[in-house]
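Summary of structural features
Each chain, letter by letter, is given below.
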Amino acid sequence: MPSANRFDITPDEVFVIGGSFGGAAAILASLDERVKKVVANCPVVDWSILSEEREKETSNPSYAAYIREAFGNAYRLSEKNWDKLNSGVFFNPMHHVDDIDGSKIMMFHAKDDPYVPWKGVDSPLEMIGMVSAALPR
């Protein structure tokens, strides 16, 4: 049964961990001064590569339809909102590369990840000075 009580917390430190889609969220959360450190596991760092990657993953012309079919309700984005991601501006760590403090981020990424390719990640890492580890699968 839900509680009607309200609680206020003031943590001494905030850490964010995310992977894949959530890795992008974690990296973007690092822009908040309250976030001390971030761990990103195989994160999407540049959504503008979606159109290229879609062709590798599916022949379905609608990436949103493919994602819904593959992952069910895990991703509930409309075609319009997938297009926003594809723009490279909305929810895109690469769009904020000049503002990201790489010293706050530790990233792990498999070099043979077929969905978020390592080669799409290594140059942004160098640009922001992220701590990273490439893991063989």
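Look a little higher up for the structure.
Notes on the structure follow. All of these numbers come straight from a predicted model, not from anything done at the bench.

For the rest of this paragraph, the subject is the overall build of the protein chain. Within the protein chain one finds five helices and four strands. Out of the 137 residues belonging to the protein chain, those deemed buried represent 36%. Taking contacts inside the protein chain between residues at least 6 apart in sequence as the whole, the part at least 24 apart equals 57%.

Turning our eyes to something else, we now look at the layout of surface pockets. Taken as a whole, the largest pocket spans an internal volume of roughly 330 Å³. Taken together, 19 residues form the lining of the largest pocket, with S20, E57, Y63, Y115 and V116 sitting closest to its centre. If one sorts the elements of the lining of the largest pocket by residue count, helix α3 (residues 63–71) sits on top with five residues. Looking at the lining of the largest pocket, its residues break down into 15 nonpolar, one polar and three charged.

This part takes up the pattern of salt bridges. Overall, the coordinates contain three salt bridges when judged by the stated rule. Ionic pairing is found between E13 and K36, a salt bridge with its closest N-O pair at 2.5 Å. With E13 in the segment before β1 (14–19) and K36 in strand β2 (residues 35–41), the pair connects residues that are 23 residues apart, well separated along the chain. Classification of E13 as partly exposed rests on a relative accessible area of 42%. The partly exposed category is assigned to K36, whose relative accessible area is 40%.

Quick look at the packing of aromatic side chains now. By convention here, two paired aromatic rings are described through the distance between centres and the angle between planes. The full count for this structure, using the stated rule, is five aromatic pairs. For the ring pair F90 and F91, a centre distance of 6.4 Å and an interplane angle of 45° mean the geometry is tilted. Through a chain of ring-to-ring contacts, three or more aromatic side chains come together here, namely F21, W47, W82, F90 and F91. Across from the ring centre of F90, 4.3 Å away, lies the NZ or CZ of K84, which sits over that ring.

With that out of the way, let us pick up helix α1 (residues 21–29). Within the sequence span of α1, burial applies to G23, A24, A26, I27 and L28. On its buried face, α1 sits against β1, β2 and β3 (105–110).

Counting residues in each nonpolar core, the largest one holds eleven residues, listed as A24, V44, W47, L50, Y63, A64, Y66, I67, W82, L85 and V116. For this core, the secondary structure elements donating two or more residues are α3 and α4 (79–86). At four residues, α3 tops the list of elements feeding residues into this core. When residues no more than four places from it in sequence are discounted, the contact partners of W47 are F21, A24, W82, L85, N86, F90, F91, N92 and P93.

Conventions we followed
Residues numbered from 1 in each chain as written. Predicted model: local features only at pLDDT ≥ 70, side-chain atom pairs only at ≥ 80, totals over all residues. Heavy atoms only, no water. Helix = DSSP H or I, 4+ residues; strand = E, 2+ residues; numbered from the N terminus. Buried < 20%, exposed > 50% of the residue type's maximum accessible area, 1.4 Å probe, protein only. Contact = heavy atoms within 4.5 Å. 1 Å grid on protein atoms, 1.4 Å probe; cavity = no way out; pocket = protein on both sides within 12 Å on 5 of 7 lines; lining within 4 Å. Points joined across faces, edges and corners; volume = space filled by probe spheres on them. Nonpolar A, V, L, I, M, F, W, Y, C, P; charged D, E, K, R; others polar. Salt bridge = Lys/Arg side-chain N within 4 Å of Asp/Glu carboxyl O. Phe/Tyr/Trp six-rings, centres within 6.5 Å; stacked < 30°, edge-to-face > 60°. Lys NZ or Arg CZ within 6 Å of the ring centre and 35° of its normal. Core = buried A, V, L, I, M, F, W, Y, C linked by side-chain atoms within 4.5 Å.

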